[in-house]
Amino acid sequence: MRKILREARRALGVFLVAAWPAWSFAQAPQPPSGVPEKVRQANEECFACHSEAGLHAPPREGLDLKKLRGLLQDPEAFYQADHQKQLCTKCHNEGYDEFPHAEDAKDSTSTCVNCHSKKADVIEKQFEKSVHADLADKISCPTCHDPHRMRIADKQNDPARIVAQDNRVCLGCHDSDEQFARFAPEKKGRPPIDDIHAWLPNTRLHWKSVRCVECHTPEVAAGEMISHEILSKEKAEKDCLACHSASSTLKTRLYRHLVKEEQERLGFANSVILATSYVPGATRHPLLDTLVLGAFAAMIVGLLAHGLGRFLTRRRGKGSDDGEHGDRHG
């Protein structure tokens, strides 16, 4: 009995420890970027014009402010992004040294493939099987992955940030008539995504908690990059138990970068998920499951025993009454 009580207290303590980060993750500030000062100083020459500050207080004469308005960047967002330690001139090289910039400077801007050729080979094969394959002449890597703002998932400690960033890409087009028309002008209208996802309970709430790619990409092995093969609505995952179970695929998808050995030691089937959100069916503790099932079984046994006792008592009482009735008549 003492062992059971000790285990119950341990389970309660683990629950409180695991539940504590649920709000701390959301409020934890991003760590300092550690960008070298020489990079900041060099990039300041670009941000002096290509920022809101530069637009409102142009550092030089002759700037085409109307054109500049469409070429602004947020320095703080950039210094939190993947390319934070890169010089602007790493990609914007030829034709950008002087002002005004060369007319064809944009044509000389480096592409993602220049640095990420190995990944690009894998991604290209996946993309060719994607529902977006027919848009290859209209979209490129930066269309979805803004090099000035994107931060890969394994460098973010907050799933909410990952979801917000990645779903902004998908919903930015599929939940916007204007953006959708840019890439699919031949279609008469944007497909009604709320109607298409009517099978999914609390659809909009799901989009705030998990990414579209959780269901719209093939599952990959733990540690592998999320596939760029975007699946059609017919092929997308529609089995709720894929996420809402002890073997939730979220551990190898959204939460794969947060699954740590020390968290698994806590005893929860999906401790890393419980630490940041509540996913019915996935956030479970084996001991608590056993205690609850044991209590339920004890209740059923108690009800059956009580019913049986009442039945036997009534039967014995009826037999006694019949005996006394017979004696009186005898």
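Everything here concerns the structure above.
Conventions adopted
Along every chain, residues carry numbers that run from 1 in the direction the sequence is written. Local features in this predicted model are restricted to residues whose pLDDT is 70 or higher, and side-chain atom pairs enter the listing and the counts only when it is 80 or higher, whereas totals over whole chains, interfaces and linings include all residues. Water and hydrogen atoms play no part in the side-chain values, which are based on all heavy atoms of the structure. One side-chain nitrogen of Lys or Arg within 4 Å of one carboxyl oxygen of Asp or Glu is enough to make a salt bridge. Comment: elements are numbered from the N terminus, with helices defined as DSSP H or I runs of at least four residues and strands as E runs of at least two. Each residue is assigned to one of three classes by its accessible area relative to the maximum for its type, calculated with a 1.4 Å probe on protein chains only: buried under 20%, partly exposed between the two thresholds, exposed over 50%. Two aromatic rings from Phe, Tyr or Trp, using only the six-membered ring of Trp, form a pair when their centres are within 6.5 Å; if the ring planes differ by under 30 degrees the pair is stacked, by over 60 it is edge-to-face, and anything between is tilted. Both a distance and an angle decide whether a charge sits over a ring: NZ of Lys or CZ of Arg must be within 6 Å of the ring centre and within 35 degrees of the ring normal. In this scheme, a helix's expected span is set at 1.5 Å multiplied by one less than its residue total. Should any heavy atoms of two residues lie within 4.5 Å, those residues are considered in contact. Distance and chemistry together define a polar contact, namely a pair of N or O atoms within 3.5 Å, with one atom able to donate a hydrogen and the other to accept it when in protein, and with adjacent residues in sequence counting only for side-chain atoms on both sides. Exposure above 30% relative accessible area and no salt bridge define the residues that can form patches, which grow by joining like charges within 9 Å and nonpolar side chains of Val, Leu, Ile, Met, Phe, Trp and Tyr within 5 Å. Accessible surface area values rest on a Shrake-Rupley calculation with a 1.4 Å probe, where residue burial reflects the displayed protein chains alone. A residue counts as positive if it is Lys or Arg and as negative if it is Asp or Glu; His and the chain ends are not included. Charged groups are reduced to one reference atom each: NZ for lysine, CZ for arginine, CG for aspartic acid, CD for glutamic acid. The arc in question is formed by the directions pointing from the helix axis toward the C-beta atoms. Working definition of a nonpolar core: buried Ala, Val, Leu, Ile, Met, Phe, Trp, Tyr and Cys residues. They are joined through side-chain atoms within 4.5 Å.

**Student:** Sorry if this is basic, but what is going on with the pattern of salt bridges here?
**Tutor:** Should their charged atoms come close, side chains of opposite charge can pair. Per the counting criterion, the structure on display carries eight salt bridges. With its nearest N and O atoms 3.0 Å apart, the salt bridge here joins Asp166 to Arg211. Here Arg211 lies in the loop between α14 (203-209) and α15 (213-216) and Asp166 lies in helix α11 (residues 159-174), a separation of 45 residues in the sequence. Residue classification places Arg211 among the buried positions, given a relative accessible area of 6%. Asp175 is the salt-bridge partner of Arg204, the closest N and O atoms lying 2.8 Å from each other. Of this pair, Arg204 sits in helix α14 while Asp175 sits in the loop between α11 and α12 (177-183); the two residues are 29 residues apart in sequence, bridging distant segments of the chain. Here the salt bridges do not stand alone but share partners, grouping Asp175, Asp177, Arg190, Asp194 and Arg204 into one network.

**Student:** Before we go on, may I ask you to explain the packing of aromatic side chains in this structure?
**Tutor:** Evaluation of the coordinates by the stated rule reveals three aromatic pairs. Aromatic pair Phe47 and Tyr79: ring centres 6.0 Å apart, planes at 75°, arrangement edge-to-face. Placement of Phe47 in helix α3 (residues 37-47) and of Tyr79 in the loop between α6 (75-78) and α7 (88-91) is noted, with a sequence separation of 32 residues between them. By the burial criterion, Phe47 is buried, and Tyr79 matches it. An aromatic cluster is present here, built from Phe47, Phe78 and Tyr79 joined pairwise through their rings. Note that Arg40 overlies the ring of Tyr79, its terminal NZ or CZ placed 4.3 Å from the centroid.

**Student:** How do you make sense of α11 when you look at a structure like this?
**Tutor:** Helical geometry note: an α-helix holds 3.6 residues per turn, so side chains three or four residues apart project in the same direction. Its 16 residues place the ends of α11 22 Å apart at the C-alpha level, agreeing with the 22 Å of an ideal helix rising 1.5 Å per residue. Taken residue by residue, α11 has Pro159, Ile162, Val163, Gln165, Asp166, Asn167 and Cys173 as its buried positions. In this structure, the buried residues of α11 make contact with α12 and α14. If you check the start of α11, you find a side-chain oxygen 3.0 Å away from the backbone N of Ala160, and it comes from Asp158.

**Student:** Any chance you could explain a negative patch on the surface here in plain terms?
**Tutor:** A cluster of like negative charges, contributed by Glu94, Glu103, Asp104 and Asp107, occupies part of the molecular surface. In this fold, Glu94 is placed in the loop between α7 and α8 (112-115).

**Student:** Could you clarify how one ought to interpret α3 in this entry?
**Tutor:** Among all positions in α3, only Val39, Asn43 and Phe47 are buried. With its buried residues spanning 70° around the axis, α3 presents them on a single face. Pointing more than 90 degrees away from the buried face of α3 are the exposed residues Lys38, Gln41 and Glu45. For α3, the secondary structure elements touched by its buried residues are α6 and α7.

**Student:** Please clarify how the nonpolar core should be interpreted in this entry.
**Tutor:** Nonpolar side chains in soluble globular proteins tend to end up buried together. Of all hydrophobic cores here, the largest spans 13 residues; its most connected members are Leu250, Leu254, Tyr255, Val272, Ile273 and Val279. Elements represented by at least two residues in this core include exactly α11 and α17 (271-274). Setting aside residues no more than four positions away along its own chain, Ile273 makes contact with Ser248, Leu250, Lys251, Tyr255, Val279, Ala282 and Thr283.

**Student:** Got a minute to help me understand the environment of Ile193 in this structure?
**Tutor:** You can see Ile193 is positioned in helix α13 (residues 193-196). Classification of Ile193 by relative accessible area gives buried; the value is 8%.

**Student:** Quick question: what am I supposed to make of the side chain of Asn43 here?
**Tutor:** Here Asn43 is to be found in helix α3. The exposure class of Asn43 is buried, given its relative accessible area of 1%. Beyond its immediate stretch of four places on either side in the chain, Asn43 contacts Phe78, Tyr79, Gln86, Leu87 and Cys88.

**Student:** Quick question: what am I supposed to make of the environment of Pro59 here?
**Tutor:** Locating Pro59 in the fold gives a position in the loop between α4 (52-56) and α5 (65-69). Sequence separation between Pro59 and Glu45 is 14 residues; the distance between their C-alpha atoms is 9.8 Å. When residues no more than four places from it in sequence are discounted, the contact partners of Pro59 are Ala48, Cys49 and Gly54.

**Student:** Which parts of the structure should I look at to understand a nonpolar patch on the surface?
**Tutor:** Nonpolar side chains collect at one region of the surface, where Phe296, Met299, Ile300, Leu303 and Leu304 lie side by side and expose about 510 Å² of accessible area between them. Following the sequence through the fold, Ile300 ends up in helix α18 (residues 286-329). Among the residues examined, Ile300 registers a relative accessible area of 34% and is labelled partly exposed.

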